[in-house]
Amino acid sequence: MAGKFDKSIFISKFKEETNERLNNLNKGLLNLEENPDNDALLNEVFREAHTLKGSAKMVGLSHINRIAHQMEDLLGQVKEKQLNLTPQINDLLFECIDSIRILMDAEISKKEVNIDVDFLCEDLKKACLGELVREKRKVEKKIRLVEGTLQEVRYEKVGFEETIRVEIGKLDKLLNLSEEMIINQGRLNSLFAQLKDIFELAREQTHYLEQLANCANGFKSDIDKLSLYQQKLKDGLGWLLTRYDEGLNELSSFTNELEDIVVKMRMLPVATIFDLFPRVIRDMAKEYDKEINLEIKGEKTGLDKKILEEIKDPLMHLVRNCIDHGIETPEERALLGKPRTGKICFEARQEGANILIEILDDGRGIDANKIKRIALKKKLITPEQAEKLSEENAVYLIFTPGFSTRENVTDISGRGVGLDVVKENIERLKGSIIVSTQPSKGTKFTLRMPLTLSITLALIVKSSKQIFAIPTSEIEKIVRISSDEIKLVGDKEVVKIDDKTIPFVKLNKILGLKEPITTGEMFMIVIYLAGERIGFIVDEIISEQEIVIKSLGEYVKKTDNISGATIWGDGEIVLIVDVFDLMKSAKKSYFESKITVEEEKEEIPNRSILVVDDSLTTRELEKNILESVGYDVDVAIDGRAALEKLKQKRFNLVITDITMPNMNGFELTSCIKNDDKYKDIPVIMVTAEEKEEDKKRGVEVGAEAYILKSAFDQKGLLDIIERLVG
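Given the structure is predicted, the values throughout are model-derived calculations rather than measurements. (Residues numbered from 1 in each chain as written. Predicted model: local features only at pLDDT ≥ 70, side-chain atom pairs only at ≥ 80, totals over all residues. Heavy atoms only, no water.)

1. Brief notes about the overall build of the protein chain
And then number 1: A count of helical and extended segments in the protein chain gives 23 helices and 23 strands.
And then number 2: Sequence separation of at least 24 residues holds for 70% of the intrachain contacts in the protein chain that already meet a minimum separation of 6.
And then number 3: Of the roughly 38900 Å² of accessible surface on the protein chain, a fraction of 51% belongs to carbon and sulfur atoms. (Helix = DSSP H or I, 4+ residues; strand = E, 2+ residues; numbered from the N terminus. Contact = heavy atoms within 4.5 Å. Areas by Shrake-Rupley, 256 points an atom, 1.4 Å probe, with all protein chains shown as cover.)

Put into structure tokens, the structure is as follows:
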């Protein structure tokens, strides 16, 4: 007897296939809006809906099958010229695509969703009959990035190359092995250097024996024998040295080729992300009555899969800002003599070991003076700091936590998640963001991202007799300076290089190392990041080489100014400097901090609260409630982000959800209560978890209160906070 059909075995494969088909439907419908008479394109869209219908039926997903079936019927009538593809029909088809994604994700996660499939199918039937009447509706839910999968390996034929399915875990193991080869290659290089030293010793010894033979006539025969053995030793070492060098060069070539292949295997074209945005921008523009064309360049440029996954949200936020703050309405653009349709351009290209991703708009640009005024009003800078800020540097105030040009919250931006989060996420990926803008002409955000997170080119330096690796991506130049080149500006030491006045600090001072006496010439590494340039003095420049980045391990807490470690040729562990932390520490050491609001907030006792929840809606709801009664509120999207916030600022209370990515509320509370610095901070859990074992666990990890979202009461929350912190 045949066994019972288990559809769960096929669901993951169905999701993979369906994501690709939905992406193709998205792209096809967008293209049809521009080219409604393209019959070939319409046929492709029809086939995608037909195949999706059949696949859903095979795995027993009746809701998806019903929607896809009705979509196929509707597209069939358009294909047979019985209906025109109107904007209303397009909107309905896009809604179907979004609903299928949600239903598919719900099937995978075994969660219920509120999708009225009957209502959707009824609208599709009405559309087939030409009876569809839909009023223009404001989209109440936030516009979200249409989800797309990052395929690990493309499986179809591309050109004449066949591809196979490879698990990402196997690629990771292969990458680890190639990294170990690079480390061992470094060790062999170190051994080769020692072997050369031994050869030089043998050559010197031969020379001295020849001199001795000329002087000691009575021992000439013995010395001749010794010289013969010595010559054989030298020749043998020379032969070994030559063969070792040849083998090492060959190994180096193979290792570099293997590394290049493995890194490329983990790469996907940026089109994987870029292709999600035409639909997003189309929906946003329509919702906010703006006309926008999207131009995409360099979509075949490859980038590491992990970086692509992590960069999706920052790109989405930048696009929101382009549409909300950058692109004007058609009427405004017409008055300014611009085309009514605005333009956003995505471009990607490789530059050395980095990928540059540019997001450019032709909107109103950024007014540096307006940015200063807002920063002053919000007390993010002092009047003295504002006066000293150049226009170029003032633009970067948009990345300051708490900065916003919006007085009111909108659906697209201004939700309390500012560009500071974008900058933080980019820097976490070892990237950087640069802004260039021209008022009334537009703004360009340039993201510089590493090709891969595991291998990088680094400058090896020595400071206070310790060796450090500094990634070269943000190093502008390396110069020698002497003591007489150092000038004083006010009470600050600077150096003038290429007509630029550059402040500098000593690396060992920033890293908290013992400071040796420095005389004569010094080496200065100039780092240029986010519009700011600072020099770092080191004792010695050793070399520039490719290094393998190793984590410090989960048992080692984040160390200021250090991002990881690598293994030196002789087996020594070398710490890798975190360039972004280093710049922050240097500015703090050299200048007054630009951000003074934290100091002012500390003057208000018992009023600072951290809200931790991965739901934007919940975060904003709680934040608004608390701020309305005078509390100073900061937010974090998960437990890990919350711990970073706790390191940066003192909070009097933490409100946390339980179910969150990266680190859940139980783990966060446990970390807080087990750390002497934070253990006295009260923790309130506001969660949808109603099980008794969850409540019990909340008490066990040390939470002072446990509030169910289903029974959430504003007054009750405020009463509990009042009892805990006043």
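2. Things to note about the sheet that holds strand 21 (residues 653–656)
And then number 1: The strand order across the open sheet formed by five strands is 20-19-21-22-23, and the pairing between neighbours is parallel. Two strands bound the open sheet, and with one partner strand each, they are strand 20 (632–636) and strand 23 (705–708). Strand-to-strand twist across the sheet, computed as the mean angle between neighbouring axes with direction ignored, equals 20 degrees.
And then number 2: Across five bridges, the pairing between strand 19 (residues 608–612) and strand 20 is parallel. Pairing of Val-611 across the sheet is with Val-635, part of strand 20.
And then number 3: Sitting on the sheet, helix 21 (residues 665–673) touches strand 19, strand 21 and strand 22 (683–687), and the angle it makes with strand 22 is about 180 degrees. (Pairing = 2+ DSSP bridges. Axes fitted to C-alpha atoms, helices over the stretch in contact; angles between N-to-C directions.)

3. What about the nonpolar core?
And then number 1: Residues Leu-315, Ile-344, Ile-357, Ile-359 and Leu-447 are the most contacted members of the largest nonpolar core, which totals 55 residues.
And then number 2: The biggest single contributor to this core is helix 10 (residues 305–326), with nine residues.
And then number 3: Ignoring sequence-local partners within four residues, the contact set of Ile-359 consists of Leu-315, Leu-318, Cys-322, Ile-344, Cys-345, Phe-346, Thr-443, Lys-444, Phe-445 and Leu-447.
And then number 4: Ranked by size, the runner-up nonpolar core spans 39 residues in total, among them Leu-52, Ala-56, Leu-92 and Met-104. (Core = buried A, V, L, I, M, F, W, Y, C linked by side-chain atoms within 4.5 Å. Buried < 20%, exposed > 50% of the residue type's maximum accessible area, 1.4 Å probe, protein only.)

4. Concerning the environment of Val-699
And then number 1: Here Val-699 is to be found in helix 22 (residues 692–701).
And then number 2: Of the residues examined, Val-699 reaches a relative accessible area of 60% and is grouped as exposed.

5. A word on the packing of helix 4 (residues 87–109) against helix 9 (residues 277–287)
And then number 1: Two numbers describe how helix 4 lies on helix 9: the axes approach to 13 Å, and their chain directions differ by 125 degrees. Classified by the angle their axes make, helix 4 and helix 9 are oblique. Note that helix 4 runs across helix 9; the crossing there is left-handed. Facing helix 4, whose interface residues are Pro-87, Asn-90, Asp-91, Phe-94 and Asp-98, helix 9 presents Arg-279, Arg-282 and Lys-286.
And then number 2: Each residue belonging to the contact of helix 4 with helix 9 can be placed in one class, and the counts come to two nonpolar, one polar and five charged. (Parallel < 35°, antiparallel > 145°, perpendicular 65-115°, else oblique. Left-handed = near helix turned anticlockwise from the far one by under 90°. Nonpolar A, V, L, I, M, F, W, Y, C, P; charged D, E, K, R; others polar.)

6. Examining the pattern of salt bridges
And then number 1: Taken as a whole and judged by the stated rule, the model has 32 salt bridges.
And then number 2: Notably, a salt bridge pairs Glu-328 with Arg-333, separated by 2.9 Å at the nearest N-O pair.
And then number 3: Overall, Glu-328 belongs to the buried group, its relative accessible area being 2%.
And then number 4: Arg-333 sits in the buried class, given a relative accessible area of 0%.
And then number 5: Each of the salt bridges in this network shares a partner with another, and the network as a whole consists of Glu-33, Asp-91, Asp-98, Arg-279, Arg-282, Asp-283 and Lys-286. (Salt bridge = Lys/Arg side-chain N within 4 Å of Asp/Glu carboxyl O.)

7. So, helix 15 (residues 419–428)
And then number 1: The buried fraction of helix 15 amounts to seven of the ten residues, a majority that puts the element mostly inside the structure.
And then number 2: Those residues of helix 15 lying buried are Leu-419, Asp-420, Val-422, Lys-423, Asn-425, Ile-426 and Glu-427.
And then number 3: Backbone geometry just downstream of helix 15 places Lys-430 in the positive-phi region, at approximately 65 degrees.

8. Comments concerning the packing of aromatic side chains
In this description, a pair of aromatic rings is defined by centroid distance and the angle of the planes.
And then number 1: Enumeration over the complete set of coordinates arrives at three aromatic pairs.
And then number 2: Centre to centre, the rings of Phe-274 and Phe-346 are 5.1 Å apart; their planes meet at 80 degrees, and the pair counts as edge-to-face. With Phe-274 in helix 8 (residues 271–274) and Phe-346 in strand 4 (residues 342–351), this pair connects stretches of sequence that are 72 residues apart.
And then number 3: Measuring from ring centre to ring centre gives 6.1 Å for Tyr-396 and Phe-399, while their planes differ by 40 degrees; the resulting arrangement is tilted. (Phe/Tyr/Trp six-rings, centres within 6.5 Å; stacked < 30°, edge-to-face > 60°.)

9. A few points about the pairing of strand 15 (residues 532–538)
Side chains on a regular strand alternate between the two faces of the sheet.
And then number 1: Among the seven residues in strand 15, six count as buried, and that is most of the element.
And then number 2: Both strand 13 (residues 500–506) and strand 15 contribute to a ladder of three bridges, which runs parallel. Across the sheet, Val-505 pairs through a bridge with Phe-536, a residue of strand 15.

10. Structural notes on the confidence of the model for the protein chain
And then number 1: In this model, the protein chain carries an average pLDDT of 76, and 72% of its residues clear a pLDDT of 70 or more.
And then number 2: Below pLDDT 50 for its whole length, residues 136–162 participates in 64 contacts with residues either more than four positions away or in separate chains.
And then number 3: For the stretch residues 407–417, pLDDT sits under 50, and the model shows 22 contacts to residues farther than four places along the chain or on other chains. (pLDDT = per-residue confidence, 0-100.)

11. A look at the sheet that holds strand 7 (residues 442–450)
And then number 1: Across the sheet, which stays open at both edges, the five strands sit in the order 2-4-5-7-6 with mixed pairing between neighbours. At either end of the open sheet lies a strand with only one pairing partner, and these are strand 2 (292–297) and strand 6 (432–438). With direction set aside, neighbouring strand axes in the sheet form an average angle of 15 degrees.
And then number 2: Direction of pairing for strand 4 relative to strand 5 (residues 354–361): antiparallel, over a ladder of eight bridges. Its bridge partner lying in strand 5, Arg-349 is registered against Leu-356.
And then number 3: The sheet contacts of helix 15 involve strand 6 and strand 7, and relative to strand 6 the element is tilted by about 135 degrees.

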